[in-house]
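Next come the chains, spelled out residue by residue.
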Amino acid sequence: MTATLEPGRMLIGGRWVEAANAGTFPVTDPATGRVLATVADADTADALLALDAAVDAAAGWAATPARTRAEILRRAFDLIMDRQDDYARLISAEMGKPGAEAQGEVAYGAEFLRWYSEEACRIAGRVQPDPEGRGTVVVTPRPVGPCLLITPWNFPLAMATRKIGPALAAGCTMVVKPAEATPLTTLALADLLTEAGLPAGVVNVITTTRAQPVVAALLEDPRLRKISFTGSTTVGRSLIAQAGQHVLRTSMELGGNAPFLVFDDADLDAAVEGAMTAKFRNTGQACTAANRFLVHHSVAAEFTRRVAERVEALRLGPASDPESSMGPLIDDRAVRGVDALVQDAVARGAQVVTGGTPTPGPGSFYPPTVLTEVDPASSLVRREIFGPVLAITPFQTDAEALTLANDTEYGLAAYVFTRDMARIQTLMGGLQVGMVGINTGLISNAAAPFGGLKQSGNGKEGGIEGVSEYLSSTYTLIAS
Ligand code: NAD
């Protein structure tokens with residue numbers, strides 16, 4: 001797809017360079033363990049060179065007309081869509097998701113470039129008369145400055161474009177650090193942005209196995225002005241603390257523990273369809289994945305029967321097999337983690353309806369699993385499962401359902417299946433989450449503000465809100 005996915009190189013200051021110590025690391029296919037490529041293994045010195053480049057490019061990019069920035073973003077969108085099959089194959093290869101899901105990610109990920117190409121020219125300040133009659137208040141937006149963007153492995157394209165798109169629209173330069181498991185898509189994207197006309201040094205990509213020291217070195221440098229992080233709440237907490245040192249702006253898109261509520265009046269066909277998407281998309285490895293199925297006791301048996309029938313029809317396999325409808329987990333460690341959560345739930349009385357035992361290798365596969373009668377004290381109810389396990393807990397009353405739904409430190413997403421408008425209105429206000437899907441299992445949308453409450457993070461990505469994460473403002477009072 002690109003001439004520049006050269007072994008062992010990353011993009012710094014418009015040049016494809018090796019790590020200063022010439023180190024590299026392999027990127028593998030989680031479905032087979034096969035090595036796909038080797039990439040540069042950056043150290044702190046490389047990270048600081050990338051920041052130098054972002055700092056050098058900052059004034060020029062901030063002064064570039066919004067229309068020019070918009071047109072580069074739009075060209076990048078068009079280029080990705082021209083090559084959507086190539087991008088889908090790359091995502092499947094390094095992350096494992098089946099072809100149809102990878103195509104879906106390409107469309108979703110590219111949309112952030114188109115959306116922010118449209119937003120770039122709409123960034124506005126304001127002018128207002130001073131209420132005391134002293135003059136005129138002028139509010140001027142400005143880019144926050146050089147940013148560090150850190151992404152996870154579960155959506156290698158979309159998590160990158162969801163940050164890069166608004167940052168470019170706002171006039172910021174950046175250092176991007178993709179996850180160690182999936183750096184290839186980000187490298188390809190950086191190459192494509194160059195082809196779309198992005199000047200050298202505006203987007204710099206560092207790939208590394210040493211995330212902690214490399215990121216710490218950047219956060220210790222006062223020239224960095226912002227960090228936007230998507231990943232686990234544990235790492236996010238530590239980065240927020242480090243960001244305090246130089247009072248950085250932070251956007252944190254962290255973990256989730258989404259409740260999926262099915263009420264007695266729900267359209268069960270729609271609820272089952274929604275459950276399949278909200279639970280099994282990306283093999284359950286999504287921050288918005290439904291983690292806890294709270295089902296009214298009167299429909300719990302029927303919901304379980306129907307969902308188990310659908311789950312048993314899923315076909316586990318590598319993306320290279322067009323018949324596969326569910327891919328592997330990201331690595332063997334993830335398989336062991338999901339297995340431990342299932343064993344803990346079973347030890348606390350959960351019933352296994354289907355699945356429940358890791359699939360022998362090769363590849364990091366865990367079968368789609370349905371559990372019922374899950375004790376709310378089980379670890380998989382308290383923690384993010386990040387795997388294909390659908391855990392059902394029955395409830396009796398609306399009040400009980402809402403209490404259980406909110407009984408978590410997380411507050412990212414929730415799903416509700418009911419036809420009762422009054423109940424919907426109560427839940428829209430009562431659920432302590434940043435995003436709610438009513439009678440749908442898919443809520444991601446480039447036009448909407450994606451983000452969590454509580455320990456699921458701060459800040460929004462997408463929508464008109466997304467670009468404000470990369471903007472600050474200066475207020476001027478002009479005396480009359
Ligand atoms: P992770 O926190 O382990 O890693 C995320 C990124 O941080 C990677 O690039 C990694 O290399 C880097 N990193 C890891 N340790 C670090 C450290 N000590 N210092 C600096 N950087 C470090 O998360 P993951 O396993 O890649 O992704 C899964 C997590 O991401 C889940 O918790 C999921 O819910 C969350 N997620 C959230 C959203 C959202 O929008 N809220 C979206 C996708 C994923």
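Note: the structure precedes this text.
Before going into details, it helps to say that this report is about the structure given with it. (Residues numbered from 1 in each chain as written. Predicted model: local features only at pLDDT ≥ 70, side-chain atom pairs only at ≥ 80, totals over all residues. Heavy atoms only, no water.)

1. A word on the overall build of the chain
Regarding its fold elements, the chain presents 15 helices and 22 strands. A compact globule built from 480 residues would reach a C-alpha radius of gyration of about 23 Å, and the chain, at 23 Å, matches this within 12%. For the chain, the C-alpha atoms occupy an extent of roughly 70 × 60 × 40 Å along the three principal directions. Among the 480 residues that make up the chain, the fraction classed as buried is 54%. For the chain, long-range pairs separated by at least 24 residues make up 73% of all intrachain contacts whose partners lie at least 6 apart in sequence. Accessible area of the chain: about 18400 Å², with a carbon and sulfur share of 53%. The positive charge centre, built from 40 side chains, and the negative charge centre, built from 52, are 4 Å apart in the chain. (Helix = DSSP H or I, 4+ residues; strand = E, 2+ residues; numbered from the N terminus. Rg over C-alpha atoms; globule rule 2.2 N^0.38 Å. Buried < 20%, exposed > 50% of the residue type's maximum accessible area, 1.4 Å probe, protein only. Contact = heavy atoms within 4.5 Å. Areas by Shrake-Rupley, 256 points an atom, 1.4 Å probe, with all protein chains shown as cover. Lys, Arg positive; Asp, Glu negative; His and termini not counted. Charge placed at Lys NZ, Arg CZ, Asp CG, Glu CD.)

2. Some remarks on the side chain of Lys177
Mapped onto the elements, Lys177 comes out in strand E8 (residues 174–177). Beyond its immediate sequence surroundings of up to four residues, Lys177 is in contact with Leu149, Ile150, Thr151, Ile206, Thr208, Ala211 and Val215.

3. Observations concerning the packing of helix H2 (residues 66–82) against helix H4 (residues 99–120)
Running from amino to carboxyl end, H2 crosses H4 at an angle of 160°, the nearest separation of the two axes being 8 Å. Judged on the interaxial angle alone, H4 and H2 are roughly antiparallel. H2 and H4 meet at a crossing whose hand is left-handed. Between H2, through Ala66, Ala70, Leu73, Arg74, Ala76, Phe77, Ile80 and Met81, and H4, the contact on the second element is made entirely by Val106, Ala107, Ala110, Glu111, Leu113, Arg114, Tyr116, Ser117 and Ala120. Residues that form the contact of H2 with H4 fall into these classes: 13 nonpolar, one polar and three charged. (Axes fitted to C-alpha atoms, helices over the stretch in contact; angles between N-to-C directions. Parallel < 35°, antiparallel > 145°, perpendicular 65-115°, else oblique. Left-handed = near helix turned anticlockwise from the far one by under 90°. Nonpolar A, V, L, I, M, F, W, Y, C, P; charged D, E, K, R; others polar.)

4. Some words on the packing of H2 against helix H6 (residues 184–195)
Look at H2 against H6: their axes get within 9 Å of each other, and the N-to-C directions meet at 125°. By the criterion of interaxial angle, the relationship of H2 to H6 is oblique. Like other packed secondary-structure pairs, H2 and H6 cross with a definite hand, here right-handed. For the pair H2 and H6, the contacting residues are Ala76, Leu79 and Ile80 in the first and Leu189, Leu192, Leu193 and Glu195 in the second. Here the contact of H2 with H6 is built from residues that sort into six nonpolar, no polar and one charged.

5. Considerations on the sheet that holds strand E22 (residues 471–479)
As summarised here, the arrangement of the three strands in space is E5-E6-E22, forming an open sheet in which the pairing is antiparallel. Only two strands of the sheet have a single neighbouring strand rather than two, namely strand E5 (126–129) and E22. Neighbour to neighbour, the strand axes of the sheet diverge by 20° on average, direction disregarded. (Pairing = 2+ DSSP bridges.)

6. Quick notes on the environment of Glu195
As for its position among the elements, Glu195 is in helix H6. When the C-alpha atoms of Glu195 and Thr369 are compared, they prove to be 44 Å apart, with 174 residues separating the residues in sequence. Excluding residues that lie within four positions of it along the chain, Glu195 makes contacts with Leu79 and Arg83.

7. Some thoughts on the pairing of strand E16 (residues 389–395)
Judged by how many residues are buried, E16 sits mostly within the fold: six of seven residues are covered. Across four bridges, the pairing between strand E13 (residues 290–296) and E16 is parallel. When the bridges of E16 are listed, Val295 appears paired with Pro394. By the bridge criterion, three bridges tie strand E15 (residues 369–372) to E16 in an arrangement that is parallel. Bridge pairing links Leu371 to Ala391 in E16.

8. Structural notes on the sheet that holds strand E21 (residues 457–458)
Here we have six strands laid out as an open sheet, ordered E9-E8-E7-E10-E11-E21, and mixed in their pairing. Edge positions in the sheet fall to strand E9 (203–205) and E21, since each has one partner strand and no second. Bridging between strand E7 (residues 147–150) and E8 involves four bridges; their strand directions are parallel. Within E8, the residue paired with Cys147 across the bridge is Met174.

9. Some thoughts on the packing of aromatic side chains
Taken as a whole and judged by the stated rule, the model has seven aromatic pairs. Here Phe260 and Phe293 contribute two aromatic rings whose centre-to-centre distance is 4.6 Å and whose plane-to-plane angle is 35°, an arrangement assigned as tilted. Placement of the pair is Phe260 in strand E12 (residues 258–262) and Phe293 in strand E13, with a sequence separation of 33 residues. As far as burial versus exposure is concerned, Phe260 and Phe293 are alike and both buried. Taken together, the aromatic side chains of Phe260, Phe293, Phe303, Tyr415 and Phe417 make up a single cluster linked through ring pairs. The ring centre of Phe450 lies 4.0 Å from the NZ or CZ of Arg162, which sits over that ring. Looking at Lys226, its charged tip hangs above the ring of Tyr470, at a distance of 4.9 Å from the centre. (Phe/Tyr/Trp six-rings, centres within 6.5 Å; stacked < 30°, edge-to-face > 60°. Lys NZ or Arg CZ within 6 Å of the ring centre and 35° of its normal.)

10. Here's the deal with the site of the ligand
As a matter of local geometry, the ligand sits amid 28 residues, with Thr151, Arg162, Ser232, Leu254 and Glu384 nearest to it. Between the ligand and Thr151 there is a distance of 2.7 Å, counted from an oxygen atom to a backbone nitrogen or oxygen. Within the contact set of the ligand, an oxygen atom lies 2.6 Å away from a side-chain nitrogen or oxygen of Ser232. Notes on the ligand: free accessible area 840 Å², of which the protein chains cover 86%. Those elements that provide at least two residues to the shell around the ligand are helix H5 (158–170), helix H7 (211–219), strand E10 (226–230) and helix H8 (233–243). Take the shell around the ligand: its biggest share by element is three residues, from H7. The class makeup of the residues in the shell around the ligand is 16 nonpolar, eight polar and four charged. (Near = heavy atom within 4 Å. Polar contact = N/O pair within 3.5 Å; in protein donor to acceptor, adjacent residues only side chain to side chain.)

Without other data, these values stay purely geometric and don't point to any function.
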